[in-house]
Amino acid sequence: MKFETLEFDVKDRIGVLTISRTQALNALNAQVLTELGLFFEELNSKIDLCCLIITGSGDKAFVAGADIKEMSAVDKNSGAEAAQKGQKVFQAIEDCPIPVIAAVNGFALGGGLELAMACDFIIASDLAKFGLPEVSLGLIPGYGGTQRLSRYIGKAKAKMIIATGDIYSAQKAKDWGLVAEVVEAGLLLEKCMAIAKSITKRSPLAVRLAKRAVTDGFELNQAEGLELEAELFGQAFSSEDKTEGVNAFIEKREPKFSGK
Ligand code: DAK
């Protein structure tokens, strides 16, 4: 599929998706959202990758938010509908069966931070900046920010970040647990590729089942979460990958996983 605002490369079963509107700091206009929706619709229906990395083009921004210049064109009574449309796209990212890494290379503001939080984890450049500045525009986060941020870092810090609309450093975001790792700007993609390569060496089936156990289990109480874990563990236990992984260990060789 050909996109105008997204670039997509694949190497060694690792996909790199770049949001590409450098002149507008990769702001999410309607076209980017539509293309992201189409991209994940296709990716989620036939997965042949082990891991996906999402980043922004240029060295200044991951995504500097929803496109502010487009907002005035949205009918003032259709805000809820527009929010649901964006939420659906970001939900498709969270529902992607393979791990999705946000490689945050600069500003991740508003919709940009909401996009990063829909990924499985965030690796940030030391120059990255994070915030949900919607209240400065008379808005509140509408693409999942009020829900996902509190799940990442707890209610109180989420409320502070949302109510102030302030912008924070990558190190601060890491201290809060929003960012998994901070790396030197020039090494960001290299670091994300190294993490992705570790993932590609493991059983693709086990990696997907584990992702589901954590993501879906997070919304359940502990007893229900444990039930889900046992069910998914059962699927892994009866897989060809488990036979191969265990045999490879015993035979002192590298496993060759089929993903079945
Ligand atoms: N939208 C449109 N254009 C943007 C943009 C954005 N969010 N951010 C930057 N740009 C454009 C700038 O206008 C400028 O374009 P030209 O003037 O050159 O044509 C170009 O990108 C370079 O930006 P700057 O010249 O401003 O660069 P600086 O380094 O000086 O400043 C900055 C970088 C990131 C601090 C600054 O650009 C900035 O404050 N940007 C806006 C950040 C922001 O407030 N983002 C929006 C957050 S609120 C909705 C659902 C969700 C949302 C909205 C609606 N509905 C359901 C309808 C979510 C809202 C948000 O994301």
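Look up a bit, the structure's there.
Note that the structure is predicted; figures quoted are calculated from it, not measured.

Asks: Tell me about the packing of helix H9 (residues 204–218) against helix H10 (residues 222–237), and name the residues and values.
Replies: At a minimum axis separation of 10 Å, H9 and H10 run at an interaxial angle of 170°. On the basis of the axis angle, H9 is roughly antiparallel to H10. Where H9 approaches H10, its residues Leu209, Arg212, Ala213, Asp216 and Gly217 are matched on the opposing element by Leu228, Leu232, Gln235 and Ala236. Counted by class, the contact of H9 with H10 contains 5 nonpolar, 2 polar and 2 charged residues.

Asks: Any details on the nonpolar core? Residues and values, ideally.
Replies: Among the nonpolar cores identified, the biggest contains 49 residues, and Leu36, Phe40, Ile54, Val104 and Phe130 are the most heavily contacted of them. When residues no more than four places from it in sequence are discounted, the contact partners of Val104 are Phe62, Ala116, Ile122, Ile123, Ala124, Ser125, Ala128, Phe130 and Leu188. With 15 residues, the next largest nonpolar core counts Cys51, Ile53, Ile195 and Val207 among its residues.

Asks: Please give an account of the layout of surface pockets that cites residues and values.
Replies: Empty pockets left among the atoms are what a rolling probe the size of a water molecule brings to light. By volume, the largest pocket amounts to about 1,100 Å³. Every residue lining the largest pocket is counted, 39 residues in all, and those nearest its centre are Leu33, Ala66, Ala82, Ala83 and Tyr143. The set of elements that each furnish at least two residues to the lining of the largest pocket consists of helix H1 (30–45), helix H2 (68–71), helix H3 (79–94) and helix H4 (111–118). Considering every element that reaches the lining of the largest pocket, the biggest residue donor is H3, with 8 residues. Of the residues in the lining of the largest pocket, the class split is 21 nonpolar, 9 polar and 9 charged. When its volume is computed, the second largest pocket comes out at roughly 650 Å³. Lining of the second largest pocket is provided by 24 residues; of these, Glu94, Met117, Tyr152, Thr215 and Phe218 occupy positions nearest its centre. Every element with two or more residues in the lining of the second largest pocket is listed here: H3, H4, helix H5 (145–153) and H9. Looking at the lining of the second largest pocket residue by residue, the class counts come to 11 nonpolar, 6 polar and 7 charged.

Asks: Please give an account of the side chain of Asn26 that cites residues and values.
Replies: The residue Asn26 is located in the loop between strand S2 (14–19) and H1 in this model. Only 3.1 Å separates the side chain of Asn26 from the backbone oxygen of Phe62, close enough to count as a polar contact. Among all residues touching Asn26, those that are not within four sequence positions of it are Ile19, Ser20, Arg21, Gly56, Ser57, Ala61, Phe62, Val63 and Ala64.

Asks: Explain empty space enclosed by the protein to me, using residue names and the numbers behind them.
Replies: By the definition in use, this model includes 2 cavities of 30 Å³ or more. Each pocket or cavity is described by its volume, and for the largest cavity that value is around 40 Å³. As for the largest cavity, its lining consists of Leu49, Cys50, Ile98, Pro99, Ile199, Arg202, Ser203, Pro204, Val207 and Arg208. The biggest single contributor to the lining of the largest cavity is H9, with 3 residues. Of the residues that constitute the lining of the largest cavity, the class distribution is 7 nonpolar, 1 polar and 2 charged. The volume enclosed by the second largest cavity comes to roughly 30 Å³. Taken together, Leu113, Phe130, Gly131, Leu149, Ile161, Tyr168, Trp176 and Leu178 form the lining of the second largest cavity. When grouped by side-chain class, the residues that make up the lining of the second largest cavity number 7 nonpolar, 1 polar and no charged.

Cut-offs and rules
- Residues numbered from 1 in each chain as written.
- Predicted model: local features only at pLDDT ≥ 70, side-chain atom pairs only at ≥ 80, totals over all residues.
- Heavy atoms only, no water.
- Axes fitted to C-alpha atoms, helices over the stretch in contact; angles between N-to-C directions.
- Helix = DSSP H or I, 4+ residues; strand = E, 2+ residues; numbered from the N terminus.
- Parallel < 35°, antiparallel > 145°, perpendicular 65-115°, else oblique.
- Contact = heavy atoms within 4.5 Å.
- Nonpolar A, V, L, I, M, F, W, Y, C, P; charged D, E, K, R; others polar.
- Core = buried A, V, L, I, M, F, W, Y, C linked by side-chain atoms within 4.5 Å.
- Buried < 20%, exposed > 50% of the residue type's maximum accessible area, 1.4 Å probe, protein only.
- 1 Å grid on protein atoms, 1.4 Å probe; cavity = no way out; pocket = protein on both sides within 12 Å on 5 of 7 lines; lining within 4 Å.
- Points joined across faces, edges and corners; volume = space filled by probe spheres on them.
- Polar contact = N/O pair within 3.5 Å; in protein donor to acceptor, adjacent residues only side chain to side chain.

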